Amino acid sequence: MSDSNGIGREWWKEAVVYQIYPRSFNDSDGDGVGDLQGIVERLDYLDDLGVDAVWLTPVYDSPLADYGYDVRDYRSILDEYGDVDDWERLRDGLHDRDIALIMDLVVNHTSDEHRWFQRSRRGVEPYADYYVWREGDPDDPPNNWESIFGGSAWSYDEVREAHYLHLFDEKQPDLDWTNPAVRAEVHDLMRWWLDRGVDGFRLDVINFISKAEGLPDGEPAPAATGSEHFINGPRMHEYLAELDREVLSNDDVFTIGEMPGTSVEQAREYVGEDGVLDVVFHFEHMDLDTGDEGPWDVREWALAELKETFTRWQEGLYPDGWNALYLNNHDQPRLVSRFGDEAHRVRSATMLATFIHTLRGTPFVYQGEEIGMTNVPFERPEAFADVETRNYIERALERDDVEGFDDIAEAVRYGSRDNARTPMQWSDAPEAGFTTGVPWLRVNPNYTEINVEAARRDPDSVWHYYRRVLALRREHPVLVYGRYELLLAEHPDVYAYLRTLDGALDGTLDDDGEHRRGARQVLVVLNFSDGASTVAIDDEVPSEQTELLLGNYERADEDRGPQPGPGDGSLDLGPYEARVYRLD
Ligand code: GLC
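A. Expanded view of the overall build of the protein. Helix and strand content of the protein: 17 helices and 20 strands. Here the C-alpha atoms of the protein give a radius of gyration of 24 Å, agreeing with the 25 Å that 2.2 N^0.38 yields for 584 residues. Projected onto its principal axes, the C-alpha positions of the protein cover 75 × 55 × 50 Å. Within the structure as shown, the protein displays about 22,000 Å² of accessible surface, and the carbon and sulfur contribution to it stands at 42%. Taking the average place of the 55 positive charges on the side chains of the protein and the average place of its 122 negative ones, the gap between the two points comes to 3 Å.

As C-alpha cells, then:
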C-alpha cells in the first residue's frame, strides 16, 4: 500500500490493468504453451491498447495441478514459461513502456511438491508445522469442511500418518499461518520479488489464510461447508497489519486482495482509511447468475440485481475506499456470453466496456476481452483441462439424477473456467496464431472471425472501442475519481448514472482549488437490452449543455444523424447502446 491510502490521487487508481494468463497468451517456441518470451513479443500490442499495468497469473515453478496456483518454488520460473532472465526481460520491456508489473502471490497454500511440504510430511524441522496437520482415523476427517473444488477439505497422508487441510485441490495443502515461521517465509519471498522490481501483488484468496481456532465443524452448506470458519477469519487483520509493517509500507506497491465471500462492510476494513490493501476483488456480481449450490447452479440474472450490487459497492467504498472493477478473469466465463449477448457481440461487448471503465475504481481487462472473445462450445468432458470443472463432472456423473454428460453439459459449458483459458486469438492463421505447435487447450473455433488482426483492421471493432474508452478515462479524471450517483433506479433495461467531481473529497483539485482538466460531471447511459429503449433523463440532469464524449453507435451509425441529448427530453437507445455525455 502507499501512505496516503484512501482519499487522494494514486497511480494505481488511474491505471487500467491488463490480466495475462501466460499459458494461453502467446507461444514463442512452438511447444503449444504460452511463455514469457511470447509476452515480450506482444508488448507493443499492450502499449497500443493503452494499458498501464499487467497482472501476470502465476509463472512460478509448479506441477500445474491448478495451472500454477500450486506453487512448487516461489523463486523460480516454470521451465515451459522460461527462466528468471526472461522474466527480467519482460519486466524491463514493460517498464520501458511505463507499464507496471503485478505478480500473483499464492500463499494460502503451496503445491504438495513444494520442499516445505515434502519435509513437513516427514516431520523435518522447522517445517513440521508449516501446514495444518491433524492426527486421527484415516477414514474420519478432523471436521466436515469441504474443498472449494468439491469433496472433503482433508486428505490423509500415509507418510506423516495424519490428515492435512486443503481448501482447494488435494495437491494444494494450506499453509498454517498461525506459525510465525510461515509468515516470515511469505514476507521474505515478497521482498525477494520487490527487490527485483515488481510494482504490485495480486494476493490469491488472501482472506482464507486465517482459520477459526479449533477448526470447528461448519453448518452444512450446499457449497463448501465450513466456509464461515475459514473466510475472513479471526486473525486476518493481524496478519495483514504485519505484512504491511514487514514488507509493504516501505514501497509504493499496489496490493489487490482476492477475497471471495467478502461484503462491502468487510471490504471497507481492508481498503478503507485504515486498511492495508488498496483494492479487493469481491464476487457479489459474479454470483448473480448462480444459485446456492455454487458455480454450476446457473440461474437467470436481472439488471436490477446488477445495479443494486454495483451501486452498493460504489457508494459503500466512497470516499475513502477504492473498487476493483472487472467482469472477467481466468476463473470466469467470458463476459459477452454472460452479461452481454453473443448475437449482438460487438455492441454488447462495447457497452460493457463502457460500463466497467466509467465506474469509480481500477478497471481490469482480461486477455481477449478487448477483442470480444466468447465462451467455447466444449463438446466432450475430456475437452476440459481445469481441475475444478473436471472434479465437478466426475462427481456429478456419480449422482443418481445424472445419466450422462448431456445432463450437465449446459451448466458446465456456461460456467467452466476453461472458457477464459483457451488461447488468445491473434489472427486467422492455424491455431489463431497462438502457436506453431499443438495448443495445450483447443482454440475456440470462432478465431477465424474473432481475432486481433481482424479487430485492428476494423475501426468499429471492440478493440478500437477499448482504445477509445481507455483514452477517455485518461482525459477525464472525473471518470476515475468522480462520485457515483444512480439514476433511473427502477428502469428494467437501462442503467444510468452520474459521475461528479466533488473537489477535496476526490483529491483532484490543484492547490488553487481548480480541477486539473477534463469534465467535472458526466452522465453514462447503458442499454442492457437487445431491444430499443426510451428513457427520459432531463429532470435528473442539471445542465442542458451536453456533449456526447463517447458512444458505441457513434461511428458505425453516422447516417443515423445527430441524436437528441439528455437535456432535450427523451433518449432513444438502440440494442446495447452506450453513451457517455459531458454535462458541464
Ligand atoms: C484463486 C485463483 C484460482 C485458483 C484458486 C486457488 O481463486 O484465481 O484460479 O484456482 O485461487 O489458488
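B. Region of interest: the site of the ligand. Among the 14 residues in the neighbourhood of the ligand, the closest are listed as Asp-66, Asp-204, Glu-258, His-330 and Asp-331. In this structure, an oxygen atom belonging to the ligand sits 2.9 Å away from a side-chain N or O atom of Arg-202. At a separation of 2.5 Å, an oxygen atom of the ligand approaches a polar side-chain atom of Asp-331. Isolated, the ligand exposes 310 Å² of accessible area, and the fraction of that covered by the protein chains is 96%. Along the lines of polarity and charge, the residues of the shell around the ligand split into four nonpolar, three polar and seven charged.

C. A look at the sheet that holds strand 9 (residues 200-203). Spatially, the eight strands line up as an open sheet ordered 11-10-9-5-2-1-13-12, and their pairing is parallel. The open sheet terminates on both sides in strands that have one partner only, identified here as strand 11 (279-281) and strand 12 (324-325). In this structure, strand 1 (residues 17-20) lies alongside strand 2 (residues 53-56), joined through four bridges in parallel fashion. Counted as the bridge partner of Tyr-18 is Val-54 from strand 2.

D. Geometry of the pattern of salt bridges. Inspection of every chain in the model, using the stated rule, returns 35 salt bridges. Among the ionic pairs, Arg-23 bridges to Glu-80, the shortest N-O distance being 3.0 Å. On the criterion of sequence distance, the pair formed by Arg-23 in the loop between strand 1 and helix 2 (36-40) and Glu-80 in the loop between strand 4 (73-77) and helix 4 (84-96) is long-range, its members being 57 residues apart. By relative accessible area, which is 5% here, Arg-23 ends up buried. The class for Glu-80 is partly exposed, based on a relative accessible area of 29%. Here Arg-91 makes a salt bridge to Asp-92, at a shortest N to O gap of 3.0 Å. Taking the relative accessible area as the measure of exposure, Asp-92 reaches 37% and is therefore partly exposed. Connected via shared salt-bridge partners are Asp-66, Asp-331, Asp-386, Glu-388, Arg-417 and Arg-421.

E. Up close: the packing of helix 12 (residues 345-357) against helix 16 (residues 462-475). Running from N to C, helix 12 and helix 16 cross one another at 15°; their axes reach a closest spacing of 10 Å. For the element pair helix 12 / helix 16, the angle class is roughly parallel. With respect to the hand of their crossing, helix 12 and helix 16 are arranged in right-handed fashion. Counting all contacts with helix 12, which are made through Arg-345, Val-346, Ala-349, Thr-350, Ala-353, Thr-354 and His-357, the residues of helix 16 involved are Val-462, Tyr-465, Tyr-466, Val-469, Leu-470 and Arg-473. Looking at the contact of helix 12 with helix 16 residue by residue, the class counts come to eight nonpolar, three polar and two charged.

F. Fine view of the sheet that holds strand 6 (residues 133-134). Spatial ordering of the open sheet is given by 6-8-7, a layout of three strands whose pairing is antiparallel. Lying at the two open borders of the sheet, with one neighbouring strand each, are strand 6 and strand 7 (154-157).

G. Looking closely at the confidence of the model for the protein. Chain-level statistics for the protein give a pLDDT mean of 94 and a share of 96% at 70 or above. Per-element mean pLDDT across the protein ranges from 92 in strand 19 (residues 570-573) up to 99 in strand 1. Here residues 1-5 is a poorly scored stretch, pLDDT under 50, and it has 22 contacts once near neighbours within four places are set aside; other chains count.

H. The packing of aromatic side chains, seen in detail. Following the criterion strictly, the structure yields 40 aromatic pairs and no others. On the basis of an interplanar angle of 80° and a centroid distance of 6.2 Å, the ring pair of Trp-55 and Phe-364 is categorised as edge-to-face. Highlighted residues: Trp-55 in strand 2 and Phe-364 in strand 13 (residues 362-366), separated in sequence by 309 residues. Like Phe-364, Trp-55 is buried. Aromatic ring contacts, followed pair by pair, group Tyr-60, Tyr-74, Trp-87, Trp-116, Tyr-127, Tyr-130, Trp-192 and Trp-193 into a single cluster. Positioned above the aromatic ring of Trp-440, the side-chain terminus of Arg-23 is 4.8 Å from the ring centre. Arg-347 extends its terminal NZ or CZ atom over the ring of Tyr-553, reaching a point 3.6 Å from the ring centre.

I. Region of interest: the domain arrangement of the protein. Assigned domains of the protein: these are domain 1 (17-108 + 180-190 + 197-211 + 254-269 + 277-462) and domain 2 (482-582). Carbon and sulfur atoms supply 63% of the area that domain 1 and domain 2 bury against each other, a total of about 2,300 Å² over both sides. Counting the surface domain 1 buries against domain 2, the share from its top three residues, Lys-307, Arg-347 and Met-351, is 29%. In this assembly, domain 1 and domain 2 are joined by 14 residue pairs in polar contact (both at pLDDT 80 or more). Breaking the side of domain 1 that touches domain 2 down by element, the ones donating at least two residues are helix 10 (303-316) and helix 12. Here the residues of the side of domain 1 that touches domain 2 sort into twelve nonpolar, seven polar and six charged.

J. A look at the nonpolar core. Of all hydrophobic cores here, the largest spans 143 residues; its most connected members are Tyr-18, Leu-46, Leu-56, Phe-201 and Phe-355. Among the elements that make up this core, the one with the highest residue count is helix 16 (seven residues). The residues that make up this core include at least three from each of domain 1 (17-108 + 180-190 + 197-211 + 254-269 + 277-462) and domain 2 (482-582). When neighbours within four sequence positions are excluded, Phe-201 is seen to be in contact with Ile-102, Met-103, Leu-105, Met-190, Trp-193, Leu-194, Val-253, Phe-254, Thr-255 and Ile-256.

K. Looking closely at the packing of helix 6 (residues 180-195) against helix 8 (residues 236-246). Viewed as axis vectors pointing N to C, helix 6 and helix 8 meet at an angle of 40°, and their least axial separation amounts to 10 Å. Overall, the two elements helix 6 and helix 8 adopt an arrangement that is oblique. Of the two possible hands of crossing, helix 6 and helix 8 adopt the one that is right-handed. Between helix 6 and helix 8, the residues in contact are Arg-183, Val-186, His-187, Met-190 and Arg-191 and Tyr-239, Glu-242, Leu-243 and Glu-246, respectively. Taken together, the residues that form the contact of helix 6 with helix 8 break down as four nonpolar, one polar and four charged.

What counts, and where the lines are drawn
Residues numbered from 1 in each chain as written. Predicted model: local features only at pLDDT ≥ 70, side-chain atom pairs only at ≥ 80, totals over all residues. Heavy atoms only, no water. Helix = DSSP H or I, 4+ residues; strand = E, 2+ residues; numbered from the N terminus. Rg over C-alpha atoms; globule rule 2.2 N^0.38 Å. Areas by Shrake-Rupley, 256 points an atom, 1.4 Å probe, with all protein chains shown as cover. Lys, Arg positive; Asp, Glu negative; His and termini not counted. Charge placed at Lys NZ, Arg CZ, Asp CG, Glu CD. Near = heavy atom within 4 Å. Polar contact = N/O pair within 3.5 Å; in protein donor to acceptor, adjacent residues only side chain to side chain. Nonpolar A, V, L, I, M, F, W, Y, C, P; charged D, E, K, R; others polar. Pairing = 2+ DSSP bridges. Salt bridge = Lys/Arg side-chain N within 4 Å of Asp/Glu carboxyl O. Buried < 20%, exposed > 50% of the residue type's maximum accessible area, 1.4 Å probe, protein only. Axes fitted to C-alpha atoms, helices over the stretch in contact; angles between N-to-C directions. Parallel < 35°, antiparallel > 145°, perpendicular 65-115°, else oblique. Left-handed = near helix turned anticlockwise from the far one by under 90°. Contact = heavy atoms within 4.5 Å. pLDDT = per-residue confidence, 0-100. Phe/Tyr/Trp six-rings, centres within 6.5 Å; stacked < 30°, edge-to-face > 60°. Lys NZ or Arg CZ within 6 Å of the ring centre and 35° of its normal. Domains from an automatic or database assignment. Buried area = accessible area lost by both parts, 1.4 Å probe. Core = buried A, V, L, I, M, F, W, Y, C linked by side-chain atoms within 4.5 Å.

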